[in-house]
Amino acid sequence: MQSKNTKPLFIVMSAPSGCGKSTLIDMLLQEYHDLQYSISCTTRAPRGEEEDGIDYHFLTVERFRELLAENAFLEYAEVHGNYYGTLKQPIVEVLAEGNSMILDIDVVGAAKVRDYVKRLPPDDPLRAGYADIFINPPDFQTLRERLERRGTDSPDVIERRLANAEGEMARAGEYMYQVTNGDLGMAYRKLCDLIDVLSGRM
Ligand code: 5GP
């Protein structure tokens, strides 16, 4: 729950598509009112009921390149054939206000953020509050079923996401923490416990 006495966290979360990461992040945002979601920029088209400025900033490739040239991104990566990037400024501002930020980014972006954070002075809020978490699926078949049930991607996109998942899971060991999402409630509790410990709530 909200408390300015807790340490502001800079949380990076990654998972293959279909691992329930968005659901888990939504649940955390409901519970922790001092936690804000970093709205990424992307050049991919909106999916389902996604809204511009809420789920993503949906940009043209030209606009994305402009921001890149302005050095506005903390990191960016090409994922599944589209560009995705994290804006630097909102994160710096949120942490300076004493609040926490959670990022939902791929393994390549997470490695870039990790590298960036490592070079900051130890007392920089982004470094002091840094934690990265990888969400694993219970197994591959479950991942396939979840992606098919979601019904938002075409079969070839699902195959591409599954092919990428293997490579992403091979990098789970780079993360400070791993949580397996077999049972949503249990995975959520584990994340809450982690956040409570890291932020000094318990
Ligand atoms: P989706 O298209 O399913 O929303 O996201 C595809 C992948 O892009 C996910 O693994 C997600 O974590 C990642 N992603 C979303 N935003 C960013 C970002 O700002 N930077 C990077 N590197 N990856 C991102």
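Before reading further, recall that the structure is shown in the block above.
Residues numbered from 1 in each chain as written. Predicted model: local features only at pLDDT ≥ 70, side-chain atom pairs only at ≥ 80, totals over all residues. Heavy atoms only, no water.

Put simply, helix α1 (residues 21-31) and helix α8 (residues 184-199) touch, their axes get as near as 10 Å, and they point 50° apart. Between α1 and α8, the crossing angle belongs to the class labelled oblique. Crossing geometry of α1 relative to α8 is assigned as right-handed. For the pair α1 and α8, contact is made by Thr23, Leu24, Met27, Leu28 and Glu31 and by Leu184, Ala187, Tyr188, Leu191, Cys192 and Ile195, respectively. Each residue belonging to the contact of α1 with α8 can be placed in one class, and the counts come to 9 nonpolar, 1 polar and 1 charged. (Axes fitted to C-alpha atoms, helices over the stretch in contact; angles between N-to-C directions. Helix = DSSP H or I, 4+ residues; strand = E, 2+ residues; numbered from the N terminus. Parallel < 35°, antiparallel > 145°, perpendicular 65-115°, else oblique. Left-handed = near helix turned anticlockwise from the far one by under 90°. Contact = heavy atoms within 4.5 Å. Nonpolar A, V, L, I, M, F, W, Y, C, P; charged D, E, K, R; others polar.)

Summarising the element assignment, Glu168 is placed in helix α7 (residues 155-169). No salt bridge is formed by the buried Glu168. Its closest oppositely charged neighbour is Lys21, at 7.2 Å. What Glu168 contacts, discounting residues up to four positions off in sequence, is Ala15, Pro16, Ser17, Val107 and Phe134. (Buried < 20%, exposed > 50% of the residue type's maximum accessible area, 1.4 Å probe, protein only. Lys, Arg positive; Asp, Glu negative; His and termini not counted. Salt bridge = Lys/Arg side-chain N within 4 Å of Asp/Glu carboxyl O.)

Right, let's get into the site of the ligand. Surrounding the ligand, one finds 18 residues, the nearest of these being Arg44, Tyr56, Glu75, Tyr84 and Asp106. At 2.7 Å from an oxygen atom of the ligand is found a side-chain nitrogen or oxygen belonging to Ser40. Between an oxygen atom of the ligand and a side-chain N or O atom of Tyr84, the distance comes to 2.5 Å. Its free accessible area being 510 Å², the ligand has 95% of it covered by the protein chains. Looking at the shell around the ligand, the elements with two or more residues in it are β5 (73-79) and β6 (82-87). (Near = heavy atom within 4 Å. Polar contact = N/O pair within 3.5 Å; in protein donor to acceptor, adjacent residues only side chain to side chain. Areas by Shrake-Rupley, 256 points an atom, 1.4 Å probe, with all protein chains shown as cover.)

Examined against the element boundaries, Ala170 turns out to sit in the loop between α7 and β9 (177-180). Counting along the chain gives 155 residues from Ala170 to Ala15, while the straight-line C-alpha distance between them is 11 Å.

Moving on, we come to unusual backbone geometry. A positive phi angle, close to 60°, is found at Asn71, a residue other than glycine. Within the fold, Asn71 resides in the loop between α2 (61-69) and β5. Judged by relative accessible area, which is 53%, Asn71 ranks as exposed.

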